[in-house]
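Observations on the model geometry
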Amino acid sequence: MGEEGTEGTVHLLCLAASSGVPLFCRSSRGGTPARQQLPFSVIGSLNGVHMFGQNLEVQLSSARTKDTTVVWKSFHDSITLIVLSSEEDTLELRLDRLLQMVFGAMVLLVGLEELTNIRNVERLKKELRTSYRLIDSFLRDSELIGDLTQCVDCVVPPEGSLLQEALSGFAEAVGTAFVSLVVSGRVVAATESWWRLGTPEAVLLPWLVGSLPPQAARDYPVYLPHGSPTVPHRLLTLTLLPGLELCLLCGPRPPLSQLNPQLLERWWQPLLDPLRACLPLGPRALPAGFPLHTDILGLLLLHLELKRCLFTVEPSGAKEPSPEQRRRLLRSFYTLVTAMHFPPEPGQQEEKAEDATHQAQVPRACYLVSGTEEPGTGWRLVALQLGPRRLLLLLSAQSPIHGLRGLASHTLHALTPLL
């Protein structure tokens with residue numbers, strides 16, 4: 001398994017399906033934004049072969065060349081998204097989910113009506129510029145993983161019950177049921193109504209907040225791709241501490257002016273220390289001192305029914321491999337085991353009828369070892385599924401292969417009360 005994203009280039013194309021007119025093109029190289037654009041002839045060819053297939057009632061979904069993977073996806077017979085990736089070992093699953101997130105971001109900030117009933121292409125191009133920052137964040141080497149897992153990135157605060165109680169009281173005081181605390185794009189705590197938001201807005205809203213430049217307060221119009229794709233809501237954000245924001249999803253009320261400093265102080269000043277304890281949780285996800293085996297270099301825990309996940313590559317002080325490498329390895333391993341080994345996730349397309357008979361043979365654990373040519377080098381990756389939870393661990397080369405499943409089982413048991 002290669003280190004996905006180290007050198008490859010990703011090109012993302014958005015076109016009007018009926019006319020083939022390009023609406024935008026975004027690119028990244030090695031996980032950072034790039035200005036390199038595809039020639040118009042290449043864009044036309046990629047769209048042309050897709051339209052040719054549609055005219056013959058053939059759905060072209062993906063293709064591979066020697067060094068590039070291409071995935072096409074149409075939405076509402078109005079928008080066609082195409083992604084080309086030359087990153088090593090890229091699987092179609094990852095690119096397909098990227099396109100789903102990109103379209104969700106477009107609906108979130110522009111609305112479904114503008115995308116399905118295109119009256120003026122040039123005006124739509126201008127409106128879509130508001131989504132570039134969010135879309136570009138999917139192409140970067142992000143510290144988050146919800147774009148791939150389609151689960152909400154979360155952290156576990158040390159005093160979660162106190163924060164939860166204050167959050168519920170504050171939501172009642174301001175008159176909205178949808179309130180959350182977000183640190184660096186990850187949800188710290190949220191009201192029950194916020195947790196019931198559908199996919200993809202549950203993932204997109206905190207991701208959007210984390211992608212925006214710092215601001216004391218915002219009043220941001222958003223559409224909910226699942227819950228309200230044609231009628232806008234208001235996303236209000238208030239910075240409690242640098243990097244920690246209070247998010248409210250509401251209608252015309254309350255006005256932003258109602259959320260005055262006095263109101264915030266009354267609810268949140270008494271919790272200043274618990275709030276401060278949330279700030280370092282961004283990259284770590286787990287409370288300081290949480291007991292993890294020293295061989296663990298990174299972990300991804302998913303609750304597939306709640307659609308939430310914990311993701312960290314900083315559980316220990318080890319320097320190698322770098323955090324960027326660890327994220328790439330875990331993202332690649334997640335894509336591999338999800339596409340090849342584990343059963344479809346809740347909400348995903350059901351398995352084919354002929355595959356259903358093999359349910360008894362579906363694996364519940366798998367592992368991958370790299371760098372075996374030299375003792376003490378490389379990494380170990382192990383995945384374990386138990387009920388609604390799936391755990392992926394990145395382990396150091398010192399971790400014995402025969403103990404991988406036992407270590408994963410012990411870690412999953414320790415983490416279960418958290419998620």
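Quantities reported herein were computed from a predicted structural model and do not represent experimental measurements.

Scoring rules and cut-offs
Residues numbered from 1 in each chain as written. Predicted model: local features only at pLDDT ≥ 70, side-chain atom pairs only at ≥ 80, totals over all residues. Heavy atoms only, no water. Helix = DSSP H or I, 4+ residues; strand = E, 2+ residues; numbered from the N terminus. Rg over C-alpha atoms; globule rule 2.2 N^0.38 Å. Buried < 20%, exposed > 50% of the residue type's maximum accessible area, 1.4 Å probe, protein only. Areas by Shrake-Rupley, 256 points an atom, 1.4 Å probe, with all protein chains shown as cover. Lys, Arg positive; Asp, Glu negative; His and termini not counted. Charge placed at Lys NZ, Arg CZ, Asp CG, Glu CD. Pairing = 2+ DSSP bridges. Axes fitted to C-alpha atoms, helices over the stretch in contact; angles between N-to-C directions. Domains from an automatic or database assignment. Contact = heavy atoms within 4.5 Å. Buried area = accessible area lost by both parts, 1.4 Å probe. Arc of directions from axis to C-beta. Parallel < 35°, antiparallel > 145°, perpendicular 65-115°, else oblique. Left-handed = near helix turned anticlockwise from the far one by under 90°. Nonpolar A, V, L, I, M, F, W, Y, C, P; charged D, E, K, R; others polar. UniProt positions renumbered as here; feature names shortened; annotations may be inferred. Phe/Tyr/Trp six-rings, centres within 6.5 Å; stacked < 30°, edge-to-face > 60°. Lys NZ or Arg CZ within 6 Å of the ring centre and 35° of its normal.

This part is about the overall build of the protein chain. Regarding its fold elements, the protein chain presents 15 helices and 17 strands. Its C-alpha atoms give the protein chain a radius of gyration of 22 Å, within 12% of the compact-globule value 22 Å for 419 residues. With the principal axes as the frame, the protein chain shows a C-alpha extent of 65 × 60 × 45 Å. Out of the 419 residues in the protein chain, the part that is buried amounts to 53%. Of the accessible surface of the protein chain, which amounts to about 18900 Å², a share of 53% is contributed by carbon and sulfur atoms. Separation of charge centres in the protein chain, based on 36 positive and 41 negative side chains, amounts to 4 Å.

With respect to burial, strand β5 (residues 69-75) is a largely interior element, five of its seven residues being buried. Note: strand β4 (residues 62-64) against β5, three bridges, orientation antiparallel. Bridge pairing in β5 links S62 to V71. Counting the residues that bridge the hairpin from β4 to β5 gives four residues. When β5 meets strand β6 (residues 79-85), the two strands line up antiparallel, connected through seven bridges. Bridge pairing in β6 places K73 opposite L81. Hairpin connection, β5 to β6: the antiparallel pair is bridged by three residues, and H76 has positive phi, about 55 degrees.

Pairing within the open sheet is antiparallel, and its six strands lie in the order β3-β2-β1-β6-β5-β4. One side of each edge strand has no neighbouring strand; the edge strands of this open sheet are β3 (32-34) and β4. Averaged over all pairs of adjacent strands, the angle between strand axes in this sheet comes to 20 degrees, irrespective of strand direction.

In terms of domain boundaries, the protein chain breaks down into domain 1 (10-140), domain 2 (157-284) and domain 3 (296-341 + 362-416). Averaged C-alpha coordinates put domain 2 and domain 3 at centres separated by 31 Å. Taken residue by residue, the interface counts four residues in domain 2 and seven residues in domain 3. Both sides of the domain 2 and domain 3 interface together cover about 490 Å² of buried area, and 41% of this is carbon and sulfur.

A few words on helix α5 (residues 132-139). With seven of eight residues buried, α5 is to be regarded as a mostly interior element. Within the span of α5, buried status applies to Y132, L134, I135, D136, S137, F138 and L139. Tucked into the core, α5 has its buried residues touching β1 (9-16), β2 (22-29), α2 (92-110), α4 (121-128), α6 (146-149) and α9 (201-211).

Further remarks concern the sheet that holds strand β16 (residues 379-386). Taken together, six strands build an open sheet; the order of strands is β7-β14-β13-β17-β16-β15 and the sheet is mixed. Here the strands that pair on one side only, and so sit at the sheet edges, are β7 (152-153) and β15 (365-369). Of the strands in this sheet, β13 (296-303), β14 (308-312), β15, β16 and β17 (389-396) touch helix α13 (residues 323-340), which is tilted by about 135 degrees from β17.

Now for helix α10 (residues 261-268). Those residues of α10 that fall on the buried side of the exposure criterion are L263, L264 and W268. For α10, the angular spread of buried residues about the axis comes to 105 degrees, placing them on one side. In α10, the exposed residues that point more than 90 degrees away from the buried face are Q262 and R266. Against the buried residues of α10 lie α7 (160-174), β8 (178-183), β11 (228-241), β12 (244-250) and α11 (272-276).

A few words on the packing of α7 against α10. Packing of α7 against α10 leaves a shortest axis separation of 10 Å and a crossing angle of 150 degrees. Between α7 and α10, the angle is such that the two are roughly antiparallel. The handedness of the crossing between α7 and α10 is right-handed. Contacts from L163, A166, L167, G169, F170, A173 and V174 in α7 reach L263, L264, W267 and W268 in α10. Taken together, the residues that form the contact of α7 with α10 break down as ten nonpolar, one polar and no charged.

Let us now look at the UniProt feature "domain: FUZ/MON1/HPS1 first Longin" (unreviewed entry) in the protein chain. Taken from the UniProt record, the annotation "domain: FUZ/MON1/HPS1 first Longin" (unreviewed entry) applies to residues 11-137. Annotated as residues 11-137, this span is 43% helix and 27% strand, and its ends, taken at the C-alpha atoms, are 13 Å apart.

Under the counting rule described, the total for this entry stands at four aromatic pairs. Look at F24 and Y132: their rings are 5.6 Å apart centre to centre, the planes differ by 65 degrees, and that puts the pair in the edge-to-face class. Of this pair, F24 sits in strand β2 while Y132 sits in helix α5, placing them 108 residues apart in sequence. Overall, the relative accessible area of 5% leaves F24 in the buried class. For R26, the ring lying beneath its charged end belongs to Y132, and the centroid distance is 4.1 Å. Its guanidinium or amino end placed over the ring of W195, R308 lies 3.7 Å from that ring's centre, counting from NZ or CZ.

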